[in-house]
Amino acid sequence: MKRCVPAVLALSIIGLGLLLTGMVENRYFYFATYVILQYIVLATAWNILGGYTGYVNFGTPAFFALGAYMATFLMLACHAPLPVLVLAGGLISGLLGLGLGYLTLRLKGVFFSIATLALTVVLQTVMINWEFVGGAKGLSIIRPATVLFFSSYVKFLFAVMLCLAVASVTIAWWIEHSWIGRGLAAIRDNEEAAECMAVPTLKLKILATTVSGALMGMAGAPFPLHVTLIEPTSAFNLDYAVNSLAMPMIGGTTTWLGPLVGAILLGTAQQTATVTISSALNLLIVGVVLVAFVILAPEGLVGLVRRLVQRERA
Amino acid sequence: MADMLLAVQHVTKRFGGFQALTDVSLQVHQGERFGLIGPNGSGKTTLINCISGALRTDGGKILFQGTDITTLPAHQRTRLGIARSFQIPKPFTSMTVLENLCIPLIYAAPAQAHGADVSAEAMQILQHIGLEAKADTRATRLSLIELRKLELARAMAARPQLLISDETMAGLSNSEVDEILTILTALNERGISIIMIEHIMRAVMRFSQRIVVLDAGQTIAEGTPDEIVRNHTVEKAYLGE
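Please read these numbers as outputs of a predicted model, since none were measured by experiment. (Residues numbered from 1 in each chain as written. Chains lettered and ligands numbered in written order. Predicted model: local features only at pLDDT ≥ 70, side-chain atom pairs only at ≥ 80, totals over all residues.)

Novice: In this structure, what is going on with the overall build of chain A? I would like to understand it.
Specialist: What chain A contains, in helices and strands, is 15 helices and two strands. Seen along its three principal axes, the alpha-carbon backbone of chain A occupies a region of about 55 × 45 × 45 Å. Across chain A, the fraction of contacts at a sequence separation of at least 24, relative to all contacts at a separation of at least 6, is 78%. (Helix = DSSP H or I, 4+ residues; strand = E, 2+ residues; numbered from the N terminus. Contact = placed C-beta atoms within 7 Å.)

Take a look at the structure:
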């Protein structure tokens, strides 16, 4: 029975989301919520490699944009529907993660991070020069006029991203509570000792980069349809790298709850600030909050609450 | 030989231009208490890094129970039955003592169930080592001797046939050294072969049945503790002419 609880919870969240699409009509609501959900996926995906395994990835934009460009390519080439685009985006970015794992996970610590940064630059240069998907000036994307079951396309996008968010949090939860999660934690704590205690470190690290990359690619696939545009500067935006790292750091990196809480709080703050104050304020908020957390609560909100609860008991 | 557990054959290791090990050969038998000594920088830790798989050799072969393990990655050697403790303790810092033991229990014996009995088994090992009171303590809060015991307990959790104890007693007091010696002897009585690398001569001499001495990456002597004490080459290596 107890094992079913997460599954029931996950399904009921999706159910509630679908119910919502029948009740709320405000298009901006879906547009903004989509962005927050997208960040739940990105932050959770980042955390599988960065939080559980301890390898800091600055390359979120590369995985995200690759998913978006794969989707663009398939839309232009064969008018593929959104679910196919999401799967294809996940597949190609998962492969990128696999390749990155093979090539760079022998690099430790900061050198791995530099390699992920380089990956973003290389991939962006490729896309700038690929005319078929818009090159440097980009392409505007026209959404399908109608979609089954939903009264508008933005609701459909919202529902797809909701499913992705629930799926990635479930995957993170499962990894954390399985033998894989324990192995990843051992790698994060001390890779040499982990290897000597029979943990297949290389295999597990490659698994983490692949799953993390695939989820980021899936989050990127609906992006061209969401903003009705694909263009290198926005697809490879630095925001994705900073946010997907800052959100788990603020929420707490060692549990599935951390990136979820971080993405909801920071994502909502950013969306609110964009409308009420200015859209340029986004990264400033992230910066200030991140610095505050690194100094005051290095284990994130989840760690902070846990410490307070323990103190209460003691 | 039937009771041969580990055979190191003509192993060579270079770090750039530095020859750390030159043509080193030695054997460890089933159930043996084996001492490995030598002055600082003689290649002891390099040799056991080669045996445990942390380093690749540049020449020679390593056999474990007759199978060639020279090119196997470290985690597979642990599964075959070679476990080690580290000179500088390397605990999994985000975990409790009990959770530290669960890692090798889960990964070294994957045939066993990944379930509830893992922590029971871990608790049993902690009782053998005398660390059960600290089971729920974070590894970062342990004292030096407790960390050393954790290193041994974690190595034990890998269910080894050969345990390599790398300077487990360095920096401990006399009574603590005795405590560790008692633990290692008890493990040996349960059939585990032990390679002890140690600078504390009192301990190695008392513990080992056979000793190999390394100096500048070469074996210079092999024999019982008594023979080693009387060996002039060994004396020269430690004290000079």
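Novice: It is not clear to me how helix α6 (residues 174-189) of chain B should be interpreted in this structure. Could you clarify?
Specialist: Note that an α-helix has 3.6 residues per turn; residues three or four places apart therefore point the same way. All names here are of chain B. Taking 1.5 Å of rise per residue, the 16 residues of α6 would be expected to cover 22 Å, and the 23 Å separating its terminal C-alpha atoms lies within 8% of that figure. Turning to α6, its buried residues are V177, I180, L181, I183, L184 and L187. Projection of α6 onto a plane perpendicular to its axis shows the buried side chains occupying an angular sector of 160°, all on one side. Exposed side chains of α6 directed beyond 90 degrees from the buried face belong to N174, S175, T182, A186 and E189. The elements touched by buried residues of α6 are α4 (117-129), α5 (144-157), β7 (162-166), β8 (193-197) and α7 (201-207). Remark: G191 follows α6 within two positions and exhibits a positive phi of approximately 100°. (Expected span 1.5 Å × (residues − 1). Buried ≥ 20, exposed ≤ 12 C-beta atoms within 10 Å, placed from the backbone. Arc of directions from axis to C-beta.)

Novice: Can you help me understand the environment of A273 of chain A in this one?
Specialist: Residues and elements named next belong to chain A. Mapping A273 onto the fold places it in helix α13 (residues 257-276). Each C-alpha atom, one on A273 and one on F63, is 27 Å from the other, the two residues being 210 residues apart in sequence. Excluding anything up to four places from it in sequence, A273 contacts L281, N282 and I285.

Novice: Got a minute to help me understand the packing of helix α3 (residues 97-108) of chain B against α4 of chain B in this structure?
Specialist: Packed helices, taken two at a time, are described by the angle between their axes plus the distance between the axes. Residues and elements named next belong to chain B. It is the contact of α3 with α4, at a shortest axis distance of 9 Å, that shows an interaxial angle of 115°. Considered as vectors, α3 and α4 are oriented roughly perpendicular to each other. The two elements α3 and α4 meet at a crossing, and its hand is right-handed. Across the interface between the two elements, V97, L98, L101, C102, L105 and I106 from α3 touch V118, S119, E121, A122, M123, I125 and L126 from α4. Within the contact of α3 with α4, the residues separate by chemical class into 11 nonpolar, one polar and one charged. (Axes fitted to C-alpha atoms, helices over the stretch in contact; angles between N-to-C directions. Parallel < 35°, antiparallel > 145°, perpendicular 65-115°, else oblique. Left-handed = near helix turned anticlockwise from the far one by under 90°. Nonpolar A, V, L, I, M, F, W, Y, C, P; charged D, E, K, R; others polar.)

Novice: Explain unusual backbone geometry here, please?
Specialist: Excluding glycine, residues mostly have negative phi values, and the peptide bonds linking residues are mostly trans. Even without being a glycine, H79 of chain A presents a positive backbone phi close to 50°. Within the secondary structure, H79 of chain A is located in the loop between α3 (60-78) and α4 (82-104). Non-glycine residue A216 of chain B carries a positive phi angle of around 50°. Among the secondary structure elements, A216 of chain B is positioned in the loop between β9 (210-215) and β10 (218-223).

Novice: I keep staring at helix α1 (residues 5-23) of chain A and nothing clicks. Help me out?
Specialist: Over its 19 residues, α1 of chain A extends 27 Å from the first C-alpha to the last, a length consistent with the 27 Å expected when each residue adds 1.5 Å. Burial runs low along α1 of chain A: only zero of the 19 residues are buried.

Novice: Looking at this model, I keep getting lost on the confidence of the model for chain B. Mind explaining?
Specialist: Segments scoring low in pLDDT should not have their predicted coordinates read at a detailed level. Residues with a pLDDT of 70 or more make up 96% of chain B, whose mean pLDDT is 90. Model confidence for the complex is summarised by a pTM of 0.90, with the ipTM given as 0.89. (pLDDT = per-residue confidence, 0-100.)

Novice: What is the right way to look at the pairing of β8 of chain B in this model?
Specialist: Remember that side chains alternate between the two faces of the sheet whenever the strand is regular. Residue and element names in this part refer to chain B. Most of β8 sits inside the fold, with five of its five residues counted as buried. Neither face of β8 is left uncovered, since the one carrying S193, I195 and I197 and the one carrying I194 and M196 both have all their residues buried. For strand β3 (residues 33-37) and β8, the ladder comprises four bridges, and the chain directions are parallel. From the neighbouring strand, L36 faces β8, where its bridge partner is I197. Handedness of the crossover joining β7 and β8 through α6 is recorded here as right-handed. (Pairing = 2+ DSSP bridges. Right-handed = clockwise from strand over helix to strand, strands pointing away.)

Novice: Explain the nonpolar core here, please?
Specialist: For soluble globular proteins, nonpolar side chains are generally found buried alongside one another. V41, L42, A65 and M197 of chain A together with A153 and I195 of chain B are the most contacted members of the largest nonpolar core, which has 160 residues in total. Here this core takes 14 residues from helix α6 (residues 153-177) of chain A, the largest share from any one element. Apart from residues lying up to four places away in sequence, M197 of chain A is in contact with A186 of chain A together with T78, I103, P104, Y107, A108, R154 and A158 of chain B. (Core = buried A, V, L, I, M, F, W, Y, C linked by C-beta atoms within 7 Å.)

Novice: Help me understand the packing of α1 of chain A against α6 of chain A, please; the structure alone is not making it clear to me.
Specialist: Residue and element names in this part refer to chain A. Relative to each other, α1 and α6 sit at 170°, their axes nearing to 10 Å. Judged on the interaxial angle alone, α6 and α1 are roughly antiparallel. For the crossing formed where α1 meets α6, the hand is right-handed. Of the residues in α6, those touching α1 at P6, A10, I13, I14, G17, L18 and T21 are K155, F158, A159, L162, C163, V166, T170 and W173. Here the contact of α1 with α6 is built from residues that sort into 11 nonpolar, three polar and one charged.

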